[in-house]
Amino acid sequence: DITPELAQRVGMEFAERVWGKRYQVVVTTHLNTKHLHCHFVVNSVSFVDGKMLHGEEKAWFKFRHIADEICQKYGLYYNPNPNRSYQSSYLNSKEKAGVPTRYSMLRAAIDEAISCSTSLAEFDYALKSMGYSHQLSPSRKYWTVIPKGYDRPVRLKNLGEDYTNEAIIARLKENQGKVILKPFQKSTVRVRQYKLPTREHKIRKVGGLYGLYLYYCYALGYLPKYKQQNSHRLHYLLRDDLMKLDELTAQTQLLGREKISNAEELFSYRSTVEDEMKKLDADRKRLRNKERTKIDDAELSAVKDQISVLTDRLGVLRKEVKLCDGIAERSGILREKLQTALAEEEKQKGKENRRNELRR
């Protein structure tokens, strides 16, 4: 519940308090979206001493206190105590949809390590055995673990209330009164091979870029749809792409819809889309010029509707161009990941076969 005039006044006061004493600022309020918002164009050279903007004057996180004060002054809503430990809404939506994320997989690994540990030393050993790098020193304020396939550590407190330092220690103490049974020797599995009839001769093999993307979706466990995914058995190089299934799906659908099998066809389709974008952009500029002339309200409304239709179509075409660029960039990476994962799987199968031969 805010008017455009109040939004402009709030933006002007914010710009005045943050930059206005040393820099020139242009403040605009956009009215063409569902929510009113301001844009700031700052002249980076000070009119006072000719110096450039430095770190303190570009630190957006520090500006929130000024924004909160202005919102409080005008009676607008703001959150006085934001919790920065919460993970992003993007990851929350993925977890609600059942898609594994680095946080959900890390929670599962920590829960598994805690379930078989009664002390911090055992918990540390369990995480090492699972292949996780971590820092669990009692002198550290926040314990951290580096997810597999990533370089940056994650603070365990950001995973939830059950993963703070105190909560983990309490969970380990609860296990001290329990009897944790572990097998002395892992059960062996006798490998049996069966030759079953297949429909291989009836299925048309798909090659090229489309075949590569389909095979990658099979490797991720996303296809076939009737098969339940098991992310724990997935190679660590492929787990990161589980969070990008929407983008991978859109790229795969584009390749299948347009029947694109190689790079030449991909770039040819991209150039066709760009040509259509240029034509639509020229039509939209013509309509915008007509909008600025003196015309009656009915004609003005019709022109705005046409501009809106062209804008929506341009948005769709821009996404198509972005998907083409993503396919061109990602196709080589997908091949490398699949080759590495297959090579490591073959190596692991060889070790298991030799181990089974020795047991026989």
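This structure is a prediction, so every number in the text was calculated from the model and none was measured.

(A) Structural detail: the pairing of strand β2 (residues 37–42). In this sheet, β2 lies alongside strand β1 (residues 25–30) in antiparallel orientation, the contact comprising 6 bridges. Looking at the pairing, Val26 lines up with Val41 of β2. Between β1 and β2, which pair antiparallel and follow one another directly, the connecting turn spans 6 residues.

(B) Structural context of the environment of Asn165. Note that Asn165 resides in helix α6 (residues 165–175). Given a relative accessible area of 12%, Asn165 falls into the buried group. Considered as a pair, Asn165 and Arg155 are 10 residues apart in the sequence and their alpha carbons are 10.0 Å apart. If near-sequence neighbours (up to four positions away) are discounted, Asn165 is found in contact with Arg140, Lys141, Tyr142 and Trp143. There is a polar contact of 3.1 Å between the side chain of Asn165 and the backbone oxygen of Lys141.

(C) Seen up close, the environment of Leu314. Structurally, Leu314 is set in helix α11 (residues 297–359). Between the alpha carbons of Leu314 and Arg284 there is a distance of 9.8 Å; along the sequence they are 30 residues apart. When near neighbours in sequence (up to four residues on either side) are disregarded, Leu314 contacts Met277, Leu280, Asp281 and Arg284.

(D) Structural view of a positive patch on the surface. Among the surface-exposed residues, Lys347, Lys351, Arg354, Arg355 and Arg359 lie close enough to one another that they form a single positively charged patch. Along the chain, Arg359 falls in helix α11.

(E) A look at the side chain of Arg330. Considering the arrangement of structural elements, one finds Arg330 in helix α11. Arg330 gets classed as buried once you look at its relative accessible area, which sits at 12%. With residues up to four places along the chain from it excluded, the contact list for Arg330 reads Tyr213, Lys244, Glu247, Leu248 and Gln251.

Calculation criteria
- Residues numbered from 1 in each chain as written.
- Predicted model: local features only at pLDDT ≥ 70, side-chain atom pairs only at ≥ 80, totals over all residues.
- Heavy atoms only, no water.
- Pairing = 2+ DSSP bridges.
- Helix = DSSP H or I, 4+ residues; strand = E, 2+ residues; numbered from the N terminus.
- Buried < 20%, exposed > 50% of the residue type's maximum accessible area, 1.4 Å probe, protein only.
- Contact = heavy atoms within 4.5 Å.
- Polar contact = N/O pair within 3.5 Å; in protein donor to acceptor, adjacent residues only side chain to side chain.
- Patch = residues over 30% accessible without salt bridge, like charges linked within 9 Å, V, L, I, M, F, W, Y side chains within 5 Å.
- Areas by Shrake-Rupley, 256 points an atom, 1.4 Å probe, with all protein chains shown as cover.
- Salt bridge = Lys/Arg side-chain N within 4 Å of Asp/Glu carboxyl O.
- Lys, Arg positive; Asp, Glu negative; His and termini not counted.
- Charge placed at Lys NZ, Arg CZ, Asp CG, Glu CD.

These values are about where atoms sit, not about what they do.
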